[in-house]
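Listed below, chain by chain, are the residues.
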Amino acid sequence: MRASIPTTSVLGVPVANLSVPDAIAETNRLLNHPEPAVLCFVNAHSANLAHRDPAYRRTLLAADLVLNDGSGVELAARLQGTRFRANLNGTDLIPLVLDLAACQSHRVFLLGGRPGVARSAASALAGRHLGLRVVGHAHGYFPPGAARSVADAVRASGADLLVLGLGSPAQELFLAAHLRRTGVRLGIAGGAFLDFAAGRVPRAPRWMRESGVEWVFRLGQEPGRLFHRYVVGNPLFLARVVRERCFPRRTSQLPAPEISEPPARPSHRRVEQ
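Note that the structure is a prediction, hence the values are computed from the model and not measured.

K.L.:
For the overall build of the chain, give the residues involved together with the corresponding values.
P.N.:
Along the backbone of the chain there are 12 helices and eight strands. Relative to its length of 273 residues, the chain is compact, with a C-alpha radius of gyration of 18 Å against a globular reference of 19 Å. Burial status across the chain gives 49% buried among its 273 residues. The contacts of the chain with a sequence gap of at least 6 include a subset with a gap of at least 24, amounting to 77%. Carbon and sulfur atoms provide 53% of the accessible area of the chain, an area that totals close to 12700 Å². Treating the 33 positive side-chain charges of the chain as one cloud and the 20 negative ones as another, the clouds have centres 3 Å apart.

What follows is the structure in structure tokens.
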């Protein structure tokens, strides 16, 4: 992340503190920069993962832009006497990036979700963003050994922008290991964005999103999968934030990741192109 970008630390991870227009401007700079770049989002869940997973933590520290997602990290900022200028969650920000891609004729590849989700998302997004060029899509249920082949398929498509929905930390580790191989200019770790775009998972009502309690709605939709993340993870995150606030310690700067192959969700299904 550029030194000129203001940041707020979330469990030792520097998170950009930007307005929506500034975040889009920085994303545009990365998308048009000659070197490939990574954009990640940090919420309470991913901060918990980074706290205990050194490889994932290194990917966040090495990312070109890390943005804040959700009320948990906002509370962490407030406990440090500051605030984030905006909630820059991927589900709301990525459509703005796709508008940017459409206006500049950048080609997009969608990677992630269950079989059929990326295909449905591609169709839906092409209808919502005039001029958007989705040049390829693939589901995220490929075996670990197929990651390089998937990266090669992205390169063959000629994509400039790669939006992933593999879940954390798999999506960030995939980018850390294979970004250059894909040939894209910008890789975005988009979490559940493809599921939302495809209509597989409904979004919370606007009042819940604006009140910072979208997680309650998501928990009600998928209690089995999200119970531990929210009911156990949120209090654990807050406890860690309070401990860091009350007992600060120096956080060593870890080196950039050296990853040969990221973990992927096992599947015997063929990767869709």
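Having seen the model, we can carry on.
K.L.:
Can you break down helix α5 (residues 90-103) residue by residue, with the values?
P.N.:
Over its 14 residues, α5 runs 19 Å from end to end, which matches the ideal 20 Å to within 8%, given 1.5 Å per residue. Structurally, the start of α5 carries an N-cap: the backbone nitrogen of T91 is 3.3 Å from a side-chain oxygen of N89. Taken from the residues just after α5, S105 is the one with a positive phi, measuring 60 degrees.

K.L.:
Before we move on, can you summarise the confidence of the model for the chain with the specific residues and values?
P.N.:
Scored by pLDDT, the chain comes out at a mean of 88, with 91% of its residues at no less than 70. Note that residues 251-273 has pLDDT below 50 and, in this model, 57 contacts with residues that lie over four places away or in other chains.

K.L.:
Account for the pairing of strand β7 (residues 161-165), with residues named and values stated.
P.N.:
For β7, the buried fraction is high: five of the five residues fall into the buried class. Every second residue of β7 is oriented toward a common face, with L161, V163 and G165 on one face and L162 and L164 on the other, all of them buried. As defined by bridge partners, strand β5 (residues 107-112) adjoins β7 across five bridges and the pair is classed as parallel. For L110, the partnering residue across the bridge sits in β7 and is V163. One ladder, built from four bridges, connects β7 with strand β8 (residues 186-189); its direction is parallel. Each bridged residue has a counterpart across the sheet, and for L164 the counterpart in β8 is A189. Traced from β7 through helix α8 (residues 170-182) to β8, the parallel crossover comes out right-handed.

K.L.:
How would you sum up the environment of R85? Please name residues and give values.
P.N.:
Along the polypeptide, R85 turns up in the loop between α4 (71-79) and α5. Along the primary structure R85 and L61 are separated by 24 residues, whereas in three dimensions their C-alpha atoms are 21 Å apart. Within the local environment of R85, its side chain forms a polar contact with the side chain of D22, the two groups lying 3.2 Å apart.

Here is what the cut-offs are and how they apply
Residues numbered from 1 in each chain as written. Predicted model: local features only at pLDDT ≥ 70, side-chain atom pairs only at ≥ 80, totals over all residues. Heavy atoms only, no water. Helix = DSSP H or I, 4+ residues; strand = E, 2+ residues; numbered from the N terminus. Rg over C-alpha atoms; globule rule 2.2 N^0.38 Å. Buried < 20%, exposed > 50% of the residue type's maximum accessible area, 1.4 Å probe, protein only. Contact = heavy atoms within 4.5 Å. Areas by Shrake-Rupley, 256 points an atom, 1.4 Å probe, with all protein chains shown as cover. Lys, Arg positive; Asp, Glu negative; His and termini not counted. Charge placed at Lys NZ, Arg CZ, Asp CG, Glu CD. Expected span 1.5 Å × (residues − 1). Polar contact = N/O pair within 3.5 Å; in protein donor to acceptor, adjacent residues only side chain to side chain. pLDDT = per-residue confidence, 0-100. Pairing = 2+ DSSP bridges. Right-handed = clockwise from strand over helix to strand, strands pointing away.

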